[in-house]
Amino acid sequence: MMYRIVHNEQTGLYRIEKRGWLGWNFVSDPKTSDYLGFRHLDDARSWICERTQSKDEATRRWKVVQDCTA
């Protein structure tokens, strides 16, 4: 799954977009259907990293390399 973080300079919010079949779409909160918004870039990065950790990564020969701390 591919995500990216976008920033709105007018509001100061960061949002997360997810790549879909037809392009990029904002990620929504499943409970409220509102778009997720973060005041800090590190919070947005943490949200992505928590959801992209592979559960079976130890058993895979080829591992996806990603840097969630950059």
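Residues numbered from 1 in each chain as written. Predicted model: local features only at pLDDT ≥ 70, side-chain atom pairs only at ≥ 80, totals over all residues. Heavy atoms only, no water.

(A) Focus on the sheet that holds strand β3 (residues 23–26). Judged by pairing direction, the sheet is antiparallel, and its three strands sit side by side in the order β1-β2-β3 without closing on themselves. The strands lining the two open edges of the sheet, one partner per strand, are β1 (3–8) and β3. Taken over all neighbouring pairs, the strand axes of this sheet differ in orientation by 40 degrees on average, direction set aside. For β1 and strand β2 (residues 13–20), the ladder comprises six bridges, and the chain directions are antiparallel. Directly across from Y3, in β2, lies its bridge partner K18. Lying on the sheet, helix α1 (residues 41–52) is in contact with β1 and β2; it crosses β1 at an angle near 165 degrees. (Pairing = 2+ DSSP bridges. Helix = DSSP H or I, 4+ residues; strand = E, 2+ residues; numbered from the N terminus. Axes fitted to C-alpha atoms, helices over the stretch in contact; angles between N-to-C directions. Contact = heavy atoms within 4.5 Å.)

(B) Main features of the packing of aromatic side chains. What the rule picks out here adds up to two aromatic pairs. Measuring from ring centre to ring centre gives 5.6 Å for Y3 and W47, while their planes differ by 90 degrees; the resulting arrangement is edge-to-face. Linking Y3 in strand β1 with W47 in helix α1, this pair joins segments that are 44 residues apart in sequence. A residue is classified by how much of its surface remains accessible, and Y3, at 17% relative accessible area, is buried. Classification of W47 by relative accessible area gives buried; the value is 14%. Summarising the aromatic geometry, the rings of F26 and Y35 are spaced 5.0 Å apart at their centres and angled 55 degrees between planes, so their arrangement reads as tilted. With relative accessibility at 32%, the residue F26 sits in the partly exposed group. (Phe/Tyr/Trp six-rings, centres within 6.5 Å; stacked < 30°, edge-to-face > 60°. Buried < 20%, exposed > 50% of the residue type's maximum accessible area, 1.4 Å probe, protein only.)

These figures come from the coordinates and say nothing about function on their own.
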